[in-house]
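# A structural walkthrough
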Amino acid sequence: MRATQYTCMLLSYLIEHKADKEKLVMKLKQLESSMSSGRKMFRLGNMVHALVAARRTTQLPDVVPRFCLTASNLTRALYFVCDAVLWLKSVGLQPDVDKPKWRNWATKCYYFSLLMNLARDWYEISWRLEQAVQEEKIKENSFWDKHNEELNCVKCDGLHGFLLLLFQILKRHPPLLLDLVKNLCDLSGPLDTLGIYKTNPGVIGFCGVLSSLVGILTLASPHLKLKQ
């Protein structure tokens, strides 16, 4: 549903200025709205899942991932609550709900959840960068084995060396790379909605499609999902 919703958003943005595509654009926007409403029906189950995940992450031994992931899951649960209230408003069960206020709360909760996920990603990257630098220092006077040859030849002085080392780290840890890409893509929506960084439906749609494809990939191949 999510991939379909953002695909419709992207396509409608790409063709909306073509004179003979008005009907197609209208149908795409209707389908996008239907997919969005359909996803909201599953928010209650998602809220329970987020709370269970928050309880599980409180048991993590490392304090930084424990804090980041627990905060992310709790604020995501609040986001699902807000989204459920908005759904009740949209179907007429709670007509007195202040839609702009609840939408703003939902967006802020989702935004904070993504920031916590990105903080956890950066912690993982920093830890692996430090580990790689230590490996380089230990092995710089020894023979290079085939597995570490690419990494050890990278010098960590300057921006260029840092970026090369970062590239090698992400290349060697696909789950971390995919999680980082997904969180950065998801960030485009709340940044636009909150007015922090305005884009357009085309950018949001593209990022949403890419994020959805990453999510589908990690579901199909669980070993590509970053462990909590």
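Above this text is the structure in question.
Summarised in this report is the structure supplied together with it.

Reading the values: the criteria
Residues numbered from 1 in each chain as written. Predicted model: local features only at pLDDT ≥ 70, side-chain atom pairs only at ≥ 80, totals over all residues. Heavy atoms only, no water. Helix = DSSP H or I, 4+ residues; strand = E, 2+ residues; numbered from the N terminus. Buried < 20%, exposed > 50% of the residue type's maximum accessible area, 1.4 Å probe, protein only. Polar contact = N/O pair within 3.5 Å; in protein donor to acceptor, adjacent residues only side chain to side chain. Contact = heavy atoms within 4.5 Å. Core = buried A, V, L, I, M, F, W, Y, C linked by side-chain atoms within 4.5 Å. Salt bridge = Lys/Arg side-chain N within 4 Å of Asp/Glu carboxyl O. Axes fitted to C-alpha atoms, helices over the stretch in contact; angles between N-to-C directions. Parallel < 35°, antiparallel > 145°, perpendicular 65-115°, else oblique. Left-handed = near helix turned anticlockwise from the far one by under 90°. Nonpolar A, V, L, I, M, F, W, Y, C, P; charged D, E, K, R; others polar.

Our next topic: the side chain of Thr75. If you trace the backbone, Thr75 turns up in helix α4 (residues 63-90). Using a relative accessible area of 12% as the deciding quantity, one classes Thr75 as buried. Of note is the side chain of Thr75, whose polar atom sits 2.8 Å from the backbone oxygen of Ala71. What Thr75 contacts, discounting residues up to four positions off in sequence, is Cys109, Phe112 and Ser113.

This next bit is on the nonpolar core. Within the largest apolar cluster, 24 residues are counted, with the highest numbers of intra-cluster contacts made by Tyr79, Ile125 and Leu170. If you list the elements that add at least two residues to this core, you get α3 (43-57), α4, α5 (99-139), α7 (158-172) and α8 (174-186). For this core, the element with the highest residue contribution is α5, accounting for 8 residues. Those residues in contact with Ile125, other than ones at most four positions away along the chain, are Leu166, Leu170, Leu176 and Leu180.

This structure, assessed with the given rule, holds 4 salt bridges. Glu124 serves as the salt-bridge partner of Arg120, at 3.5 Å between the closest nitrogen and oxygen. Residue Arg120 and its partner Glu124 are both found in helix α5; the two are separated by 4 residues, about one turn of the helix. Accessibility classification places Arg120 together with Glu124 in one group, the buried group.

As a packed pair, helix α1 (residues 2-15) and helix α10 (residues 201-220) sit with axes 8 Å apart at the nearest point and diverge in direction by 150°. Classed by the angle they form, the pair α1 and α10 counts as roughly antiparallel. The hand of the α1/α10 crossing is left-handed. Seen from α1, the contacting residues are Arg2, Ala3, Tyr6, Thr7, Met9, Leu10 and Tyr13; seen from α10, they are Pro201, Gly202, Ile204, Gly205, Phe206, Gly208, Val209, Ser211 and Ser212. Broken down by class, the residue content of the contact of α1 with α10 amounts to 9 nonpolar, 6 polar and 1 charged.

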